[in-house]
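# Structural overview
The primary structure of each chain is shown beneath.
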Amino acid sequence: ACAAFFWWRTEKNREIATASLPKTLNLQDKKPQLLLRVKECERRIRAGQDVKASLAELASLFHGNGLYAEAARCYQGLVRIDSGNPRWPHLMANILAGFGQLDDAVLLWRRTLSLKKDYTPAQIHLADSLLKLNQSQEAIRVYEQILKREPENAYALLGLARFDMEAGRWASARERLEAAVSSSDYSIG
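Let me sum up the structure you'll find in this document.

## Looking at helix H5 (residues 87-98)
- Between the first and last C-alpha of H5 there are 17 Å, a value that for 12 residues agrees with the 16 Å anticipated at 1.5 Å per step.
- The elements touched by buried residues of H5 are helix H3 (51-64), helix H4 (68-81), helix H6 (102-115) and helix H7 (120-132).
- With its phi angle positive at about 80 degrees, glycine 100 sits one or two positions after the end of H5.

Spelled out as structure tokens, the structure:
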């Protein structure tokens, strides 16, 4: 029974991963090494060899080379295959947010945080998106949660400084911005 369940699950994951492969893919203008790696990942997925790792590698190759639609398709498959991993909905949300689909991205970042409540990158992106969606109070709450855990987080400090400036609390904004500059070695703030 255990062997049958393992086989069934492995086969199901292979089917999901195969369905997540792009239907058409034009890599003519990309480097030959990328094409070789993509083809190797696809071969392993179709053969049922280390499906999750192969799909993750393929998603990373697509994402890193600006093939966002293809990466998103892979991340959708990974969300189904590896549903307990907060990384996949987070990366999918990054792509959606990049295309202005903030409402959908916010849902995915909430899903990410339901899997790992202290996943700082997802919290930062969630708070920034809530700010853009004019959900100020919730954005403030998320930034403050980050600072409780990481008092020198430059991104959360910058986010709260924006609210201070908007409210005319210049001294508080300056203090937060100076802390952001200091903790990020002058790259933020």
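This is not the end of the story, as more comes after the structure.
## Some remarks on the side chain of aspartate 164
- Note on placement: aspartate 164 falls in helix H9 (residues 154-166).
- The exposure class of aspartate 164 is buried, given its relative accessible area of 3%.
- Here the side chain of aspartate 164 touches arginine 176 through a polar contact of 2.6 Å, side chain to side chain.
- Leave out the neighbours within four places in its chain, and aspartate 164 touches Arg169, Ser172, Ala173 and Arg176.

## Concerning the nonpolar core
- One finds Leu58, Tyr75 and Tyr143 to be the most contacted residues of the largest nonpolar core, which totals 54 residues.
- Ignoring sequence-local partners within four residues, the contact set of tyrosine 75 consists of Ala59, His63, Trp88, Leu91, Met92 and Ile95.

## Regarding the pattern of salt bridges
- For the structure on display, the rule yields 13 salt bridges.
- Among the salt bridges present, the one from glutamate 57 reaches arginine 44, with a minimum N-O distance of 2.9 Å. Here arginine 44 lies in helix H2 (residues 32-47) and glutamate 57 lies in helix H3, a separation of 13 residues in the sequence.
- For arginine 44, a relative accessible area of 18% puts it in the buried group.
- For the salt bridge of aspartate 82 with lysine 52, the shortest nitrogen-to-oxygen distance reads 3.8 Å. With a gap of 30 residues between them, aspartate 82 in the loop between H4 and H5 and lysine 52 in helix H3 connect regions that are remote in the sequence.
- Classification of lysine 52 as partly exposed rests on a relative accessible area of 40%.

## A word on the packing of H7 against H9
- It is at 10 Å that the axes of H7 and H9 come closest, and there the two elements cross at 15 degrees. Relative to H9, H7 is oriented roughly parallel. Between H7 and H9 lies a crossing whose hand is left-handed. Within the contact between the two elements, H7 uses Ile124, Asp128 and Leu131 and H9 uses Tyr155, Ala156, Arg162 and Phe163.
- Residues that form the contact of H7 with H9 fall into these classes: five nonpolar, no polar and two charged.

## Description of H3
- End to end, H3 covers 20 Å across 14 residues, agreeing with the expected 20 Å (1.5 Å per residue, within 8%).
- Every buried residue of H3 is accounted for by Val51, Ser54, Leu55, Ala56, Leu58, Ala59, Leu61 and Phe62.
- The positive-phi residue at the C-terminal boundary of H3 is glycine 66, with phi of around 75 degrees.

So, how was this worked out
Residues numbered from 1 in each chain as written. Predicted model: local features only at pLDDT ≥ 70, side-chain atom pairs only at ≥ 80, totals over all residues. Heavy atoms only, no water. Helix = DSSP H or I, 4+ residues; strand = E, 2+ residues; numbered from the N terminus. Expected span 1.5 Å × (residues − 1). Contact = heavy atoms within 4.5 Å. Buried < 20%, exposed > 50% of the residue type's maximum accessible area, 1.4 Å probe, protein only. Polar contact = N/O pair within 3.5 Å; in protein donor to acceptor, adjacent residues only side chain to side chain. Core = buried A, V, L, I, M, F, W, Y, C linked by side-chain atoms within 4.5 Å. Salt bridge = Lys/Arg side-chain N within 4 Å of Asp/Glu carboxyl O. Axes fitted to C-alpha atoms, helices over the stretch in contact; angles between N-to-C directions. Parallel < 35°, antiparallel > 145°, perpendicular 65-115°, else oblique. Left-handed = near helix turned anticlockwise from the far one by under 90°. Nonpolar A, V, L, I, M, F, W, Y, C, P; charged D, E, K, R; others polar.

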